[in-house]
Amino acid sequence: MMNRQPLRLAVSEAAKILAEAGVDSPRVDAEYLAAHVLGVERGRLPLIPLVDPSVIDQLHKLVRVRASRIPLQHILGWAPMGTISVEVGPGVFVPRPETELLMEWGLKSLAGVSSPVVVDLCTGTGALALSIAAARPDAVVHAVEIDPQALSWTRRNADARVAAGDTPIRLHSGDATDPSLLSDLDGLVDLVVCNPPYVPEGTPVQPEVGVHDPHHAVFSGADGLDVIRHVVRAAARWLKPGGSVGIEHDDTHGESVPALLAARRVLTEVTGHADLAGRPRFATARKVG
C-alpha cells in the first residue's frame, strides 16, 4: 500500500510556500486548495488525517500556481457571496469578502419592504445582485454592467442561479456614468447598491489585482471617485422616498464619499461603515421621505 501522508503537514508546507511568495492569507488559501483537490468543503479538512501521495502532488501543483500570484478564486473557479457562490475567472473582477457587509446592510434595509425594486450598478460577476435575489425571491433586481466580458460572466452566473431555483434578475448592458441610464426607474427603486471601481489611479496594488482584475473595474481617476460621483447622482434620481443607497469605496474615501452623498439635498441619514479590519469600506444614505 502507498505511504499515506498527514494532510495537516502538507497544508502547513503549502502555507509556508504561499507566505514566502507574499500571498496575503497563506494558511486560508492552502486550506482552500487542499479542499479543492479533495473535493470537500474546507471545514471538513480536520476529518481527513491521511491522504495519498497523488493528493499531495496535486496540491503542490496548485500551490505553485497560487504562488505565482494567480488569484485563488481563478484556481478554484468560484467566489462566495452570502449564501451563494459565483463563477469567476479572467476578464471579471473577483468579489471580495468585505462586499458581503454591503450585501447584508442592503438586505437589512429591505426588511419590511414587500416586492422591493433593487439596482446593482457595476455588477461584474453579478455577486451582489444574485445574492440579494437569492435572499429575496419577491424582489425585482436590476443588474448593470458595461464590460462585455464581465457581462458574459454575469449571464453565466444568473443562469446558474435560475437553475438553482432563484428568481431571475434583469440584466442590463449599461454605463453607470450615463445620465439617462434606466430612466424608467426614476423614483421607483427601494435599494441601490454598488461596488464600483474606486482605487485612485497609480495606487500600488497586489499582483492579483493589478495583473488579473480588469483595470477599469479597479481604478477610477486620480481620486478614485470618477464613477462614484455618477452613482450618487443616479441613486438620488432612482430612489423612491425612504429608499436606500449603499456604495463600497476605497479606505481613503471615509470622508469624501459620505460628503458626496450629503451634498445631495434629497439624501439623508448619511453613514460611513467600516470593514472587519476597521477600515472605512462603504457609505449609505436614505432618500428623504
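Parameters and conventions
Residues numbered from 1 in each chain as written. Predicted model: local features only at pLDDT ≥ 70, side-chain atom pairs only at ≥ 80, totals over all residues. Heavy atoms only, no water. UniProt positions renumbered as here; feature names shortened; annotations may be inferred. Core = buried A, V, L, I, M, F, W, Y, C linked by side-chain atoms within 4.5 Å. Buried < 20%, exposed > 50% of the residue type's maximum accessible area, 1.4 Å probe, protein only. Helix = DSSP H or I, 4+ residues; strand = E, 2+ residues; numbered from the N terminus. Contact = heavy atoms within 4.5 Å. Expected span 1.5 Å × (residues − 1). Arc of directions from axis to C-beta. Pairing = 2+ DSSP bridges. Phe/Tyr/Trp six-rings, centres within 6.5 Å; stacked < 30°, edge-to-face > 60°. Lys NZ or Arg CZ within 6 Å of the ring centre and 35° of its normal. Salt bridge = Lys/Arg side-chain N within 4 Å of Asp/Glu carboxyl O.

Under the annotation held in an unreviewed UniProt entry, the chain carries the name Release factor glutamine methyltransferase and is attributed to Lentzea albidocapillata. Check the Sequence similarities (unreviewed entry) section of the UniProt entry for the chain; it says "Belongs to the protein N5-glutamine methyltransferase family. PrmC subfamily." Under the UniProt heading Catalytic activity (unreviewed entry), the note attached to the chain is "L-glutaminyl-[peptide chain release factor] + S-adenosyl-L-methionine = N(5)-methyl-L-glutaminyl-[peptide chain release factor] + S-adenosyl-L-homocysteine + H(+)".

**Q** How should the nonpolar core be read in this particular structure?
**A** Burial of nonpolar side chains together is a common tendency in soluble globular proteins. By size, the foremost hydrophobic cluster in this structure holds 34 residues, and its most contacted members are Val119, Leu121, Val189, Val192, Trp238, Val245 and Leu261. Put simply, the parts of the chain that give this core at least two residues each are β5 (117-121), β8 (189-194), α9 (215-218), α10 (226-238), β9 (239-248), α11 (256-262) and β11 (280-287). Among all residues touching Val192, those that are not within four sequence positions of it are Val119, Ala235, Trp238, Leu239, Ser244, Val245 and Gly246.

**Q** I would appreciate a short explanation of the UniProt feature "binding site: substrate" (unreviewed entry) in the chain in the present structure.
**A** Look at the UniProt record and you will see "binding site: substrate" (unreviewed entry) annotated at Asn195, Pro196, Pro197 and Tyr198. Within the element layout of this structure, Pro196 appears in the loop between β8 and α8 (207-210). Pro196 gets classed as buried once you look at its relative accessible area, which sits at 3%. Sequence-distant contacts of Pro196, that is, excluding residues within four places in its chain, are made with Cys122, Ala217, Val227, Ile228, Ile247 and Glu248.

**Q** Explain helix α7 (residues 148-163) to me, please; I cannot follow it from the model alone.
**A** Helical periodicity: at 3.6 residues per turn, an α-helix aligns residues three or four positions apart in one direction. Over its 16 residues, α7 extends 23 Å from the first C-alpha to the last, a length consistent with the 22 Å expected when each residue adds 1.5 Å. Of all the residues in α7, the buried ones are Ala150, Leu151, Trp153, Thr154, Asn157, Ala158 and Arg161. One side of α7 holds all its buried residues, which, seen down the axis, span an arc of 155°. Exposed residues on α7 whose side chains face more than 90 degrees from its buried face are Pro148, Asp159 and Ala163.

**Q** I'm lost on the environment of Ala160 in this one. Help?
**A** Looking at the secondary structure, you find Ala160 in helix α7. A relative accessible area of 38% places Ala160 in the partly exposed class. Along the sequence, Ala160 and Val86 sit 74 residues apart, while their C-alpha atoms lie 8.7 Å from each other.

**Q** Would you explain the pairing of β11 in this entry?
**A** Regular strands place side chains that alternate from one sheet face to the opposite one. Within β11, six of the eight residues are buried, leaving the element largely enclosed by the surrounding structure. Relative to β11, β9 runs antiparallel, the two sharing five bridges. By the bridge assignment for β11, Gly246 is matched with Thr284. The pairing of strand β10 (residues 267-274) with β11 spans six bridges and is antiparallel. Pairing of Gly272 across the sheet is with Ala283, part of β11.

**Q** In this structure, what is going on with the environment of Gly187? I would like to understand it.
**A** Along the chain, Gly187 falls in the loop between β7 (170-173) and β8. Considered as a pair, Gly187 and Pro53 are 134 residues apart in the sequence and their alpha carbons are 61 Å apart. Beyond its immediate chain neighbours, meaning those up to four positions away, Gly187 contacts Arg237, Trp238, Leu239 and Lys240.

**Q** Please explain the packing of aromatic side chains as it appears in this structure.
**A** Both the distance between ring centres and the angle between the ring planes are used here to describe each pair of aromatic rings. Inspection of every chain in the model, using the stated rule, returns two aromatic pairs. Taken together, a centroid distance of 6.1 Å and an interplanar angle of 75° make the contact between Tyr32 and Trp78 edge-to-face. Pair noted here: Tyr32 is in helix α2 (residues 26-38) and Trp78 is in strand β3 (residues 78-81), with a separation of 46 residues, a long-range link. Residue classification places Tyr32 among the partly exposed residues on the basis of a relative accessible area of 24%. For Trp78, a relative accessible area of 31% gives the class partly exposed. In this structure, Arg42 is placed above the aromatic ring of Tyr32, and the distance from its NZ or CZ to the ring centre is 5.1 Å. In this structure, Arg156 is placed above the aromatic ring of Trp153, and the distance from its NZ or CZ to the ring centre is 4.2 Å.

**Q** Can you walk me through helix α6 (residues 127-135) in this structure?
**A** A large share of α6 lies buried, amounting to seven of its nine residues. Within α6, burial applies to Ala127, Leu128, Ala129, Leu130, Ser131, Ile132 and Ala133.

**Q** Even after reading the chapter, I still don't get the pattern of salt bridges, so can you show me in this structure?
**A** Counting across every chain of the model gives 17 salt bridges. For the salt bridge of Glu31 with Arg42, the shortest nitrogen-to-oxygen distance reads 2.8 Å. Taken together, the residues span a long stretch of sequence, with Glu31 in helix α2 and Arg42 in the loop between α2 and β2 (50-51) at a distance of 11 residues. The class for Glu31 is buried, based on a relative accessible area of 17%. One salt bridge in this structure joins Glu87 and Arg156, with 3.3 Å as the shortest N-O distance. Highlighted residues: Glu87 in strand β4 (residues 84-87) and Arg156 in helix α7, separated in sequence by 69 residues. By relative accessible area, Arg156 is classed as partly exposed at 40%. Sharing partners across several salt bridges, the network here consists of Asp29, Arg66, Arg69 and Glu208.

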